[in-house]
Amino acid sequence: MLFGAIIGDIAGSMYEGKRHEIYDDVQFFGEYCRFTDDTIMTCAVAQAIMDHKTKGVALADAAVANMQVFGRKYNHRGYGKQFVQWMYSDDPQPYDSWGNGGPMRVSPCAWAAKTMDEALDMAQTVSAVTHNHPEGIKGAEATAVAIYLAKSGKSISEICDYIDKYYYPMNFTLDSIREDYEFNETCQDTVPQAIRA
């Protein structure tokens, strides 16, 4: 599952922020592809879970420490301005973000969890250290739930139904949003679209 997150990050890196409408010639590892801040933070969270697979303070502290160490080592990978300040802070505190950075790093939570509740607890914990706005937490939860359900063998329609019931309206198709959709980094305008994709 981690490989899928990393491959998706690398493959999508050359398309981020650009409108791309050619679907039969997508290059997974094109000349301009590279791993981004999302891969770095996913790996930091995975290490935190492997070292401290508990909920609460131990996991949160490990996530903060790893995210700062990993992020500082790979510091030119597309981090947002607020995150860079957090990453170099001696007293890193959440900054009420609803950006999609939290959801982008929670796949290890779903991978390691034995239950959906455990996946949710871990996703909330590792997301809230920075993205503690309710929309940021919601996006992280929805992402972890979708991954956990997929890991558990649920169908695409079952996953979308669950997300629709508890998190975001899923009453759209990709074709219906394609014409007007623009680059966006908020949870509410990227997480449901990513799940639908």
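Placed above this text is the structure.
Some remarks on the side chain of Ser-97
And then number 1: Mapping Ser-97 onto the fold places it in the loop between α4 (81–87) and α5 (101–104).
And then number 2: Engagement of the side chain of Ser-97 in a polar contact is seen with the backbone nitrogen of Gly-99, the distance being 3.0 Å.
And then number 3: In terms of polar contacts, Ser-97 uses its side chain to reach the side chain of His-131, at 3.5 Å.
And then number 4: Apart from residues no more than four positions distant in its own chain, Ser-97 is found in contact with Thr-130, His-131, Asn-132, His-133 and Gly-136.

What to know about the packing of aromatic side chains
The geometry of an aromatic ring pair is captured by two quantities: the separation of the ring centres and the angle between the planes.
And then number 1: Taken as a whole and assessed by the stated rule, the structure comprises 4 aromatic pairs.
And then number 2: Plain terms: the ring middles of Phe-35 and Tyr-74 are 5.8 Å apart, the flat faces sit at 80° to each other, and that makes the pair edge-to-face. Note that Phe-35 is positioned in the loop between α1 (2–13) and α2 (37–51) and Tyr-74 in the loop between α3 (57–73) and α4, a separation of 39 residues in sequence.
And then number 3: For Phe-35, a relative accessible area of 25% corresponds to the partly exposed category.
And then number 4: Here the aromatic rings of Tyr-162 and Tyr-166 are separated by 4.5 Å at their centres, their planes lie at 40°, and the arrangement is tilted. Note that Tyr-162 and Tyr-166 are positioned in helix α9 (residues 156–166) at a spacing of 4 residues, about one turn of the helix.
And then number 5: Among the aromatic side chains, those forming a connected cluster through ring pairs are Tyr-79, Phe-83 and Trp-86.
And then number 6: Positioned above the aromatic ring of Phe-35 is the side chain of Arg-77, whose terminal nitrogen or guanidinium carbon lies 3.8 Å from the ring centre.

Here's the deal with the side chain of Gln-68
And then number 1: Mapped onto the secondary structure, Gln-68 falls in helix α3.
And then number 2: The buried category is assigned to Gln-68, whose relative accessible area is 11%.
And then number 3: Sequence-distant contacts of Gln-68, that is, excluding residues within four places in its chain, are made with Trp-86, Met-87, Tyr-88, Ser-89 and Pro-92.

Quick notes on the packing of α3 against helix α7 (residues 116–128)
And then number 1: Running from N to C, α3 and α7 point in directions that differ by 45°, and their axes come no closer than 9 Å. In this view, α3 runs oblique relative to α7, as classed from their interaxial angle. Of the two possible hands of crossing, α3 and α7 adopt the one that is right-handed. For the pair α3 and α7, the contacting residues are Leu-59, Ala-60 and Ala-63 in the first and Met-122, Thr-125 and Val-126 in the second.

A few points about a nonpolar patch on the surface
And then number 1: A cluster of nonpolar residues, Phe-3, Ile-7, Phe-28 and Phe-29, forms a patch on the protein surface that exposes about 500 Å² of accessible area.
And then number 2: Relative to the assigned elements, Phe-28 resides in the loop between α1 and α2.

What about the nonpolar core?
And then number 1: By size, the foremost hydrophobic cluster in this structure holds 47 residues, and its most contacted members are Met-67, Phe-83, Trp-86, Cys-109, Ile-163 and Ile-195.
And then number 2: Elements represented by at least two residues in this core include exactly α2, α3, α4, α6 (107–112), α7, α8 (134–151), α9 and α11 (191–196).
And then number 3: For this core, the element with the most residues is α8, which contributes 8 residues.
And then number 4: In contact with Ile-163, other than residues within four places in its own chain, are Ala-142, Val-145, Ala-146, Tyr-168, Met-170 and Ile-195.

So, the packing of α8 against α9
And then number 1: One way to put it is that α8 packs onto α9 with a least axis distance of 10 Å and a crossing angle of 155°. Classified by the angle between their axes, α8 and α9 sit roughly antiparallel to one another. Where α8 crosses over α9, the handedness of that crossing is right-handed. In this structure, α8 uses Ala-142, Val-145, Ala-146, Leu-149 and Ala-150 to contact α9, whose residues at the interface are Ile-159, Tyr-162 and Ile-163.
And then number 2: Class assignment for the residues of the contact of α8 with α9 results in 8 nonpolar, no polar and no charged.

Conventions we followed
Residues numbered from 1 in each chain as written. Predicted model: local features only at pLDDT ≥ 70, side-chain atom pairs only at ≥ 80, totals over all residues. Heavy atoms only, no water. Helix = DSSP H or I, 4+ residues; strand = E, 2+ residues; numbered from the N terminus. Polar contact = N/O pair within 3.5 Å; in protein donor to acceptor, adjacent residues only side chain to side chain. Contact = heavy atoms within 4.5 Å. Phe/Tyr/Trp six-rings, centres within 6.5 Å; stacked < 30°, edge-to-face > 60°. Buried < 20%, exposed > 50% of the residue type's maximum accessible area, 1.4 Å probe, protein only. Lys NZ or Arg CZ within 6 Å of the ring centre and 35° of its normal. Axes fitted to C-alpha atoms, helices over the stretch in contact; angles between N-to-C directions. Parallel < 35°, antiparallel > 145°, perpendicular 65-115°, else oblique. Left-handed = near helix turned anticlockwise from the far one by under 90°. Patch = residues over 30% accessible without salt bridge, like charges linked within 9 Å, V, L, I, M, F, W, Y side chains within 5 Å. Areas by Shrake-Rupley, 256 points an atom, 1.4 Å probe, with all protein chains shown as cover. Salt bridge = Lys/Arg side-chain N within 4 Å of Asp/Glu carboxyl O. Core = buried A, V, L, I, M, F, W, Y, C linked by side-chain atoms within 4.5 Å. Nonpolar A, V, L, I, M, F, W, Y, C, P; charged D, E, K, R; others polar.

No statement about biological role is implied by the geometric values presented.
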